[in-house]
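Per-entry structural report
For reference, the chains in residue letters:
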Protein chains: 2
Amino acid sequence: MSIPAEIDTPEIVIDRDILDRNIERMAAAVAGNGLLLRPHAKTHKIPEIAARQIAAGAVGLTVATIGEAEVFAAAGVGNLFIAYPLWLSPQKAERLQKLAQGARVSVGVDSADGATRLGTALGSAAGNVSVLVEIDSGHHRSGALPTAAAEVAQAASDAGLNVAGVFTFPGHSYAPGMPLAAAAQEQDALAAASAALAAAGFEATVRSGGSTPTALLTESSVATEVRPGVYVFGDAQQYELERCALADIALTVAATVVSHHTTAPDGSQRFIVDAGSKMLGSDKPAWATGFGRLMDHLDARVTALSEHHATIEWHGPGDMPAIGERLRVIPNHVCLAINLVDEVAVVSDGQLVDRWRVAARGLNK
Amino acid sequence: MSIPAEIDTPEIVIDRDILDRNIERMAAAVAGNGLLLRPHAKTHKIPEIAARQIAAGAVGLTVATIGEAEVFAAAGVGNLFIAYPLWLSPQKAERLQKLAQGARVSVGVDSADGATRLGTALGSAAGNVSVLVEIDSGHHRSGALPTAAAEVAQAASDAGLNVAGVFTFPGHSYAPGMPLAAAAQEQDALAAASAALAAAGFEATVRSGGSTPTALLTESSVATEVRPGVYVFGDAQQYELERCALADIALTVAATVVSHHTTAPDGSQRFIVDAGSKMLGSDKPAWATGFGRLMDHLDARVTALSEHHATIEWHGPGDMPAIGERLRVIPNHVCLAINLVDEVAVVSDGQLVDRWRVAARGLNK
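An unreviewed UniProt entry annotates chain A as D-threonine aldolase of Arthrobacter ulcerisalmonis. For chain A, the Sequence similarities (unreviewed entry) comment in UniProt is given as "Belongs to the DSD1 family."

Shown next as structure tokens:
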């Protein structure tokens, strides 16, 4: 695909045809597995994409912050899960109270202290907010052990909150050879936590799991819903983990070759494009082969990023792209790339058809 | 310093007293070395800070993109250097023509092709734009070799542009033990390129160098100006490279402890704060000890970042900060952190005194 002339570089370009296919395919596959789909909207932050996910059958959205929830509630999404162990400041308490008046809202909790604060700070509005207890299924980030789930649930209940269930985030699935193991650990953790809650008199109606790498490996024997995010776009990480095909990648960064570097001491052939870490984000897990990939030159590697320069090592075939040539770069981690821009270009059938505002960009609170 | 209660987390907080001291000190030191100061504004992107730099004697600003130049020109800065080998698309050509009508503008070039395109695309406006030939002084990113400088200058001149001089960016100075060597290589490269230009009949009136690590190591025997950026704020990279003291760090991210993790298999004590890669940026050079530092807990390390979680390993002294406690995180690379927010909180003497808009945020074009 050539880049439409109206698009100046660097710019994020979304292929709407691929996007729609990704949305439909995940919706059908998850429904076929007997699970509900609650996509994580932190990946895209765009109301037009949320609307497509809901239209395809998503039960609601997952978000990371109150700010993201506010944007999607204003866009008409009535069912929102903030998958984060919020500590309610006075400012956040006021915003969450208001949010819960207009939408069905659930929030993560992973400690008795956090749960008590959540209910106390919400005051008489606590009854409008449900909580899911976050369980650590092996990622070792936030989340309580299954054995501590009941204590957290009890604190939440004592503070006036509705305990709706449990959730995990299997972030350790983002590594080669890990998705199946992480999905199994997640099922075990959800089952153990649900049993612990049941023993304490709480029914875990919602048992929520699933990242993009594990979403299709999650079974309805334990889980009730999954929350993949990246699947809408794909990215270089998912491609290198073989969780998506090249043809599934819906988001690329249009970039221009601005410099050739053929005189490095190691004799490598390199060129520079005008999309650096302020366009692509600089996530690079240890197993990644670089800081991103080129859609049309799979042998090339992005070996270094500065803020406005990506250095690309060239191993052929053929000559390096000429200075001035436009290329499509696949970011490593698409959630970071989209958070760097206010607007994206939307193409269909190779034509620029729309621009969408990244309405929830930068809403970290 | 405690974090003023009006500030909710996560939020970038700028200590104006430290900022002003950093600005004054660099201005005095550079003037004392007989050099002009042209600070790189990509670090802060804030007109209020640019005004302070100009008031302290800066000759003009350096920027990375036309979009940044447009913001600072609109804010009244009349002398702007775009330190990037721009490839002029039709859109960029039109914008650069307009920019050069209202401000004195110079642009980087590092290839004959790029220089020809620059002059051709500007057409009759080419005479309003000066160019500096970018020279690779050992960073091996963009930049021509000194031996190729005359060819690039000739192409620029043939295309109607004014050749004003040469510049380098010694990015390899951002590593332990490198600043002195990088500063010396830079001087050698500027001298060799100036001589090559002189032999071809071009006078390199401007000989521009200097990153924050090398700015105070640059001598006026060759260079005429330096372009440090990060010095206004400092960051964890500069601190770990010993290019600034802790007391010089003017920018921190206010964050709240949201979770404790005391059950990791390795027995480590960890906690989570609510500032992840979407607040701090995820740059982590190989020599850095983590993804950032804590201002008030220097023994702690940010060992992992997700989008909204920083995982902090705790080695004492004392107990981990309680869930709900607020902390100040020092980002690794401040230029990325500021590019993630639309606004910053400004404190003086521990009080919230202002909010500044990050007016040039996200302007990658």
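1. Observations regarding the overall build of chain A
Tallying secondary structure elements over chain A gives 10 helices and 17 strands in all. Taken along the three principal axes of its C-alpha coordinates, chain A extends 70 × 40 × 40 Å. The buried share of chain A, taken over its 365 residues, is 63%. Across chain A, every contact between residues at least 6 apart in sequence was considered, and the portion connecting residues at least 24 apart equals 69%.

2. A closer look at the domain arrangement of chain A
All names here are of chain A. When its domains are assigned, chain A resolves into domain 1 (17-231) and domain 2 (238-357). For domain 1 and domain 2, the distance between their C-alpha centres works out to 32 Å. Residue-level contacts link 23 residues of domain 1 with 18 residues of domain 2. Summed over both sides, the interface between domain 1 and domain 2 buries roughly 1700 Å², with carbon and sulfur atoms accounting for 61% of that surface. Together, Asp 17, Ile 46 and Val 230 form the three largest contributors to the area buried by domain 1 at its contact with domain 2, with a combined 23%. Across the domain 1-domain 2 interface, the total number found is two salt bridges.

3. Details of the interface of chain A and chain B
Opposite the 60 residues of chain A that make contact, chain B presents 60 residues. Carbon and sulfur atoms supply 47% of the area buried between chain A and chain B, which totals about 5100 Å² over both sides. On the chain A side of the contact with chain B, Tyr84(A), Arg141(A) and Asn364(A) bury the most area, a combined 13% of that side's loss. In this structure, the connection of chain A to chain B is made through eight salt bridges. Taking the shortest distance from any N to any O, the salt bridge between Lys365(B) and Glu11(A) comes out at 2.8 Å. Our count for the chain A to chain B interface comes out at 38 residue pairs in polar contact (both at pLDDT 80 or more). Looking at the side of chain A that touches chain B, the elements that each hand over two or more residues are β4 (79-85), α4 (90-102), β10 (251-261), β11 (269-273), α9 (277-280) and α10 (334-338) of chain A. At five residues, β10(A) tops the list of elements feeding residues into the side of chain A that touches chain B. Partitioning the side of chain A that touches chain B into residue classes produces 18 nonpolar, 23 polar and 19 charged.

4. Describing the environment of Leu280(A)
Residues and elements named next belong to chain A. In this structure, Leu 280 sits in helix α9. In this structure the C-alpha to C-alpha distance between Leu 280 and Ile 18, which are 262 residues apart in sequence, comes to 20 Å. If we ignore the near neighbours within four places in the chain, the residues touching Leu 280 are Val 253, Ala 275, Leu 305, Val 329, Pro 331, His 333, Ala 337 and Leu 340.

5. Here we look at the packing of aromatic side chains
A complete count under the given rule lists six aromatic pairs over all chains for this structure. Ring geometry for Phe169(A) against Tyr174(A): centres 6.4 Å apart, planes inclined by 45°, an arrangement best described as tilted. Its guanidinium or amino end placed over the ring of Phe291(B), Lys284(B) lies 6.0 Å from that ring's centre, counting from NZ or CZ.

6. A short note on the UniProt feature "domain: D-serine dehydratase-like" (unreviewed entry) in chain A
The UniProt entry lists residues 250-348 of chain A under the feature "domain: D-serine dehydratase-like" (unreviewed entry), expressed in the numbering used here. As a span, residues 250-348 of chain A carries 9% helix and 41% strand, and end to end its C-alpha atoms are 11 Å apart.

7. Observations concerning the sheet that holds strand β9 (residues 225-226) of chain A
Residue and element names in this part refer to chain A. Pairing within the open sheet is parallel, and its eight strands lie in the order β2-β9-β8-β7-β6-β5-β4-β3. Of all strands in the sheet, those bounded by a partner on one side alone are β2 (36-37) and β3 (61-63). Where β4 and strand β5 (residues 104-109) come together, five bridges link them in parallel fashion. The residue bridging Leu 80 from the neighbouring strand is Val 105, located in β5. Helix-sheet contacts for helix α3 (residues 66-74) involve β3 and β4, and the interaxial angle to β4 is about 175°.

8. A word on helix α5 (residues 112-122) of chain B
Residues and elements named next belong to chain B. Of all the residues in α5, the buried ones are Ala 112, Gly 114, Ala 115, Leu 118, Gly 119 and Leu 122. Summarising the axial view, the buried residues of α5 lie within an arc of 165°, below the 170-degree limit, and thus occupy one face. On its buried side, α5 packs onto α4 (90-102), β5 (104-109), β6 (129-135) and α6 (149-158). Positive backbone phi, approximately 60°, marks Gly 123, located one or two places after α5.

9. Side note on the relation of the copies chain A and chain B
Rotating chain A by 180° about the axis while translating it 0.0 Å along that axis superimposes it on chain B, leaving an RMSD of 0.0 Å. In symmetry terms, the pair is related by a two-fold rotation axis. Considering only C-alpha atoms, the residue of chain A closest to the rotation axis is Ser282(A), which sits at 2.8 Å. Most of the interface of chain A is mirrored in chain B: 100% of its interface residues are interface residues there too.

10. Focus: the sheet that holds β5(B)
Residues and elements named next belong to chain B. Read across the open sheet, the eight strands follow the order β2-β9-β8-β7-β6-β5-β4-β3; overall the sheet is parallel. Each edge of the open sheet carries a strand with a single partner, namely β2 (36-37) and β3 (61-63). Bridge analysis of β6 against strand β7 (residues 162-168) gives six bridges, and the strand direction is parallel. Pairing of Val 131 across the sheet is with Val 163, part of β7.

11. Things to note about unusual backbone geometry
Across the junction of Gly316(A) and Pro317(A), the peptide omega takes the value 0°, indicating a cis bond. When you line up the elements, Pro317(A) lands in the loop between β14 (310-314) and β15 (326-331). Of note, the bond from Thr9(B) into Pro10(B) is cis; its omega dihedral lies within 30 degrees of zero at -5°. The residue Pro10(B) is located in the segment before β1 (11-15) in this model. Even without being a glycine, Lys45(A) presents a positive backbone phi close to 60°. Residue position: Lys45(A) is located in the loop between β2 and α2 (47-55). Residue His140(B) is not a glycine yet carries a positive backbone phi of 55°. Inspection of the secondary structure puts His140(B) in the loop between β6 and α6.

What counts and what doesn't
Residues numbered from 1 in each chain as written. Chains lettered and ligands numbered in written order. Predicted model: local features only at pLDDT ≥ 70, side-chain atom pairs only at ≥ 80, totals over all residues. Heavy atoms only, no water. UniProt positions renumbered as here; feature names shortened; annotations may be inferred. Helix = DSSP H or I, 4+ residues; strand = E, 2+ residues; numbered from the N terminus. Buried < 20%, exposed > 50% of the residue type's maximum accessible area, 1.4 Å probe, protein only. Contact = heavy atoms within 4.5 Å. Domains from an automatic or database assignment. Buried area = accessible area lost by both parts, 1.4 Å probe. Salt bridge = Lys/Arg side-chain N within 4 Å of Asp/Glu carboxyl O. Polar contact = N/O pair within 3.5 Å; in protein donor to acceptor, adjacent residues only side chain to side chain. Nonpolar A, V, L, I, M, F, W, Y, C, P; charged D, E, K, R; others polar. Phe/Tyr/Trp six-rings, centres within 6.5 Å; stacked < 30°, edge-to-face > 60°. Lys NZ or Arg CZ within 6 Å of the ring centre and 35° of its normal. Pairing = 2+ DSSP bridges. Axes fitted to C-alpha atoms, helices over the stretch in contact; angles between N-to-C directions. Arc of directions from axis to C-beta. Least-squares fit on C-alpha atoms with pLDDT ≥ 70 in both.

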